[in-house]
Structure formats: C-alpha cells, structure tokens
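Structure assessment
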Amino acid sequence: MEFIREFWHFIKVRKKFWLLPILIVSALFGGLLVLGEGSAIAPFIYTIF
C-alpha cells in the first residue's frame with residue numbers, strides 16, 4: 001500500500017498523469033493472463049498475443 005501512495009505522490013508532483021492509463025492497461029492484461037492461465041479460456045487469451 002505504501003508503494004501506491006508513494007507512486008501517486010510522484011505522479012502529482014511531477015505531473016506525469018499520462019502514466020496512469022499505461023499502468024492500468026498493463027495491470028488489466030497481467031490480471032487477465034494470471035486468471036486465465038489455468039482455465040478453459042487460456043488458448044483464446046494466448047491467441048490475442
């Protein structure tokens with residue numbers, strides 16, 4: 001939790017708000033790969049990449 005607070009402070013101070021969409025999309029894709037790894041939809045996820 002400390003990392004998120006520190007990162008948010010960095011974004012506010014340095015005005016790097018363009019980083020937020022990149023990190024959100026990366027986190028969503030990462031979560032999709034982790035959750036879909038052991039399921040029946042895994043072959044469909046891997047064809048996207």
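Placed above this text is the structure.
In this report, the structure presented in the accompanying data block is examined. All figures in this text were calculated on a predicted structure; none of them were measured in a lab.

Now for unusual backbone geometry. Located in the positive-phi region is Lys 15, a residue other than glycine, with phi close to 55°. In this fold, Lys 15 is placed in the loop between helix 1 (2–14) and helix 2 (19–36). On the basis of relative accessibility, which here comes to 60%, the residue Lys 15 falls in the exposed class.

Turning to the packing of helix 1 against helix 2, a few remarks are in order. The geometry of helix 1 relative to helix 2 is characterised by a closest axis approach of 11 Å and an angle of 150° between their N-to-C directions. As summarised for this structure, helix 1 and helix 2 are arranged roughly antiparallel, according to the angle between their axes. Contacts between helix 1 and helix 2 pair Phe 7, Trp 8, Phe 10 and Ile 11 from the former with Leu 19, Leu 20 and Leu 23 from the latter.

Thresholds, definitions, all that
Residues numbered from 1 in each chain as written. Predicted model: local features only at pLDDT ≥ 70, side-chain atom pairs only at ≥ 80, totals over all residues. Heavy atoms only, no water. Helix = DSSP H or I, 4+ residues; strand = E, 2+ residues; numbered from the N terminus. Buried < 20%, exposed > 50% of the residue type's maximum accessible area, 1.4 Å probe, protein only. Axes fitted to C-alpha atoms, helices over the stretch in contact; angles between N-to-C directions. Parallel < 35°, antiparallel > 145°, perpendicular 65-115°, else oblique. Contact = heavy atoms within 4.5 Å.

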